[in-house]
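What the coordinates show
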Amino acid sequence: MTEGRNVGSPRSVALVGPYGSGKSTLFEALMDAAGAAVKRPSDPRNRPMTTEIRLGHCTYLGDPWCIIDCPGSIEFAHETRAALEMADLAVVVCDASPSHALAVAPLLKCLADAAIPHMVFLNKIDRLEEGLADTIGALQAHASAPMVLRQMPIQDGGVISGYVDLMSERAYRYRKGQESELIQIPPSMMVQEEEARIRLVETLADRDDALLEKLLDDVKPTPDELYRDMHKDLLAGTVIEVLLGAAENAHGVRRLWKALRHDGPTLRDTAERRLIDAEGPPLAQVFKTSYAGHTGKLSYARVWRGTFKDGAMLGGTRLGGIYHTNGTDLAKRPEAVEGEIVVLGRLDGIATGATVSTNGTPDPLAFPEPDPPVYALAIATTDRKDDVKLSGALHRLAEEDPSLVIEHSQDTGETILHGQGEMHLLKTIEHLSRAYGLKVATAKPAVAYKETIRSSVHQHGRLKRQTGGHGQFADVKIDIAPRARGEGFAFIDKVVGGAVPRNFIPAVGEAAAEAARRGPFGYPVVDIAVTLVDGGFHSVDSSDMAFKTATSMAMRDGLAGADPVLLEPIDHVTVSVPNDYTARAQRLLTGRRGQILGFAERTGWPGWDDVEALVPEAELHDLIIELRSQTLGLGTYRKRFDHLAEAKGAEVKPKAA
Ligand SMILES: Nc1nc2c(ncn2[C@@H]2O[C@H](COP(=O)(O)OP(=O)(O)OP(=O)(O)O)[C@@H](O)[C@H]2O)c(=O)[nH]1
Ligand SMILES: [Mg+2]
């Protein structure tokens, strides 16, 4: 058996997988096995959900590693996606029960699409009730490559007490929190073991002619040959290696460590995959930004090439500190070497995703875009004095979290946070309070209603005021008419014979447009044409002001009499769900006044459907919450504004003046 390939540079592994599958527990078990100190939750049975990545620097059998514990919740998926971009390998941690397989599907697809090498760790086998073959079968349905179970469980009175490693053909008995004990393969398992091993070798031989020849000649390949193949297949994504264990008891953790060492890609493999030249000036890429009290801006980065020393100039910015971190504490380092994941201090002006070098500004490297937001809240400071502070804090928040979008709505005047779900925004608001001392009130964002008119009117507006010496006089006659939806506001001047002198006409146009900003229901009036047809003036008492006032009066009375109606925004919504849930998604949309346009297979997603519908925006606020709760958290949607439609029904209330 080889003692691992000579890899030198630190390697990085991201622990990913569905929410609650045991990634953080496994992270701690891996760190323990490597003899590295790690902070544990006060009550391991009641672990908090992971919402931010956690780095674990350690050495295993002489090799340096950085393990990244990633959030599993879809609401923090961008944090995970960014970490994956830096990793040599992803370990997909999932519950070993077959009923959890569907929850892993989007992640397996994401890893295959992004060509990120990955293996699977089936966790919680201590309470597995079904056969593992069912789990592999269920997972295989969502995988892009054949899955091979590398370990065969040893059953003992209904529990899994150990395993046979099919590549080295060694058997181990689990010992809680300790290294497993090497044992003889139970004689009763010999036949089964041989069959399982042949299946594994056959899968590997599909991509290796030399191995296939051996198989045909009945020559037993050496473990080294198998390791080599597994490494190659893992790198190419042509086989998905499956390991098993129980993180909580540290079962299967050392086996996983060895698989990482033997089969996992090296920094060079990853650099090649990401098209990064081996030769060239030092190069690092930032994948996370955070602000921490007195330390200031911190940029999490992986060094793709060369070495960075503290104080170096990176494209005009002086590097102010290099650290390792476990999420809470920072440990200062003199330098960051090739392959390392580090935290770089005070890289002002350098954004998440950017590349840095000691030699000018390097070419950018690919970096994932966050998913469009699906949930929004309007926020306001509880103390108006904090408004300026809030705007600064929001600016930083957006820098720290690319999956957060901050909008100052022109239509409603609200400040709106758009994010990935309720928990995401809750965490954001908590962060505002903790890091910036800002208390904000939240509300469902107001819908940007509009209004229009359904009939034409002719309206006369006349201002005649005599106060002391100088008076005010203006007279306008306007036609207000509806225009087709989407045509907007128009002002037309049809005055003949100087009834309203040229120089006052712009004032009439401005006042008409101004009056249309707030119609009889309190919302902006759209799709109307205002035509000035006639009027009158006084050579002394007429002014721009007088004409504006007369026009406003005419508009106010005219709009009220022109059969006004509220318009509500209707969005084109595409809901994506596994096709078991298609009917449910349709019901959910019709229950929200949605008009179903149809459904079709989601492009590139076998087994998923896209349901298209037109849905009033007023009904979309908590759509994601209900959708997720009805689809094991898998359903998602995107939307775009489609049109304004006359609002019918009691759900639309006129805006208070
Ligand atoms: N029975 C059993 N429970 C486990 C095992 N590993 C983890 N758990 C439990 O599963 C729950 C979730 O564990 P975490 O490690 O927080 O899961 P996670 O994947 O990090 O969760 P998120 O980060 O929120 O996605 C906890 O209650 C753990 O105690 C295991 O091997 N066996
Ligand atoms: Mg976790």
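This text goes with the structure placed above it.
Residues numbered from 1 in each chain as written. Chains lettered and ligands numbered in written order. Predicted model: local features only at pLDDT ≥ 70, side-chain atom pairs only at ≥ 80, totals over all residues. Heavy atoms only, no water.

**Quick look at the site of ligand 1**
As a reminder, the rule being used: For this purpose, a residue is taken to be near a molecule or strand whenever a single non-hydrogen atom of the residue falls within 4 Å of it. Pairs of N or O atoms within 3.5 Å make up the polar contacts considered here, provided that, within protein, one atom can donate a hydrogen while the other can accept it, and that residues adjacent in sequence are counted only when both atoms are side-chain atoms. Working definition: helices are DSSP H or I runs of at least four residues, strands are E runs of at least two. Numbering for both runs from the N terminus. Note on residue classes: Ala, Val, Leu, Ile, Met, Phe, Trp, Tyr, Cys and Pro are nonpolar, Asp, Glu, Lys and Arg are charged, and everything else, Gly too, is polar.
Residues in contact with ligand 1 amount to 20 residues; listed here are only the nearest, K23, S24, T25, T50 and E248. Separating an oxygen atom of ligand 1 from a backbone N or O atom of G22 is a distance of 2.8 Å. N123 places a polar side-chain atom, nitrogen or oxygen, 3.2 Å from a nitrogen atom of ligand 1. Tallying contributions element by element places helix α1 (residues 23-33) first for the shell around ligand 1, with three residues. Considered class by class, the residues forming the shell around ligand 1 number five nonpolar, eight polar and seven charged.

**Some remarks on the pairing of strand β7 (residues 151-156)**
Heads up, the rule is: A pair of strands is considered paired only if DSSP assigns at least 2 bridges between the two.
Direction of pairing for β7 relative to strand β8 (residues 159-165): antiparallel, over a ladder of six bridges. Opposite M152, over in β8, you have V164 as the bridge partner.

**Let's talk about the sheet that holds strand β21 (residues 355-356)**
For clarity, the cut-off: Contacts between residues were defined by any pair of non-hydrogen atoms, one from each residue, lying within 4.5 Å. As a rule, the C-alpha atoms of each element are fitted with a line to give its axis, helices using only the stretch in contact, and angles between N-to-C directions run from 0 to 180 degrees.
Strands sit in the order β18-β17-β20-β13-β12-β21 across an open sheet of six strands; the sheet is antiparallel. Since the sheet does not close on itself, it has two edges, and those belong to β18 (330-333) and β21, each with one partner. Pairing of strand β17 (residues 322-325) with strand β20 (residues 341-345) involves two bridges; the strand directions are antiparallel. Bridged to Y323 within β20 is V343. Packed on one face of the sheet, helix α2 (residues 77-86) meets β12 (283-292), β13 (296-305) and β20 and runs near 150° to β12. Those strands touched by helix α10 (residues 387-400) are β12 and β13, and its axis lies near 145° from that of β12.

**Some details on the coordination of the magnesium ion (ligand 2)**
Ideal values for angles at a metal depend on the geometry: 109.5 degrees with four tetrahedral donors, 90 or 180 degrees with six octahedral donors. Defined as follows: Coordinating donors are taken to be N, O and S atoms lying within 2.8 Å of the metal, or within 3.2 Å when the metal is Na, K or Ca; because water is excluded from the atom set, some sites may appear incomplete. For every residue, the accessible area obtained with a 1.4 Å probe (protein chains only) is divided by the maximum for its type, and the residue is called buried under 20%, exposed over 50%, and partly exposed between those limits.
Distances from the magnesium ion (ligand 2) to its protein donors, S24 (OG) and T50 (OG1), fall at 2.0 to 2.1 Å. Taken together, the residues S24 in helix α1 and T50 in the loop between α1 and β2 (54-60) connect sequence positions 26 residues apart. Taken individually, S24 and T50 each receive the classification buried, so the pair is uniform in this respect.

**Considerations on the nonpolar core**
Note the threshold: Buried Ala, Val, Leu, Ile, Met, Phe, Trp, Tyr and Cys residues that are joined via side-chain atoms within 4.5 Å together make up what is termed a nonpolar core.
Counting residues in each nonpolar core, the largest one holds 52 residues, and the members touching the most others are V120, L122, L139 and M147. Not counting chain neighbours up to four residues away, the residues in contact with V120 comprise V92, C94, L139, M147, I240, E241, V242 and L243. Membership of the second largest hydrophobic core comes to 35 residues, among which are Y375, L390, Y436 and Y637.

**Topic: the packing of aromatic side chains**
Think of a pair of aromatic rings as described by two things: how far the centres are apart, and how the planes are tilted against each other in angle. Selection criterion: Two aromatic rings from Phe, Tyr or Trp, using only the six-membered ring of Trp, form a pair when their centres are within 6.5 Å; if the ring planes differ by under 30 degrees the pair is stacked, by over 60 it is edge-to-face, and anything between is tilted. Geometrically, a charge over a ring is one whose NZ (Lys) or CZ (Arg) sits within 6 Å of the ring centre while staying within 35 degrees of the ring normal.
Scanning the entire structure with this criterion turns up eight aromatic pairs. On the numbers, 5.3 Å between centres and 25° between planes, the contact of Y163 with Y172 is stacked. When sorted by exposure, Y163 lands in the same class as Y172, which is buried. One aromatic cluster is present, built from ring pairs that chain together Y60, W65 and W257. The cationic tip of K288 hangs over the ring face of Y300; the distance from NZ or CZ to the ring centre is 5.6 Å. Sitting above the plane of the Y291 ring, R396 keeps its charged end 4.0 Å from the centroid.

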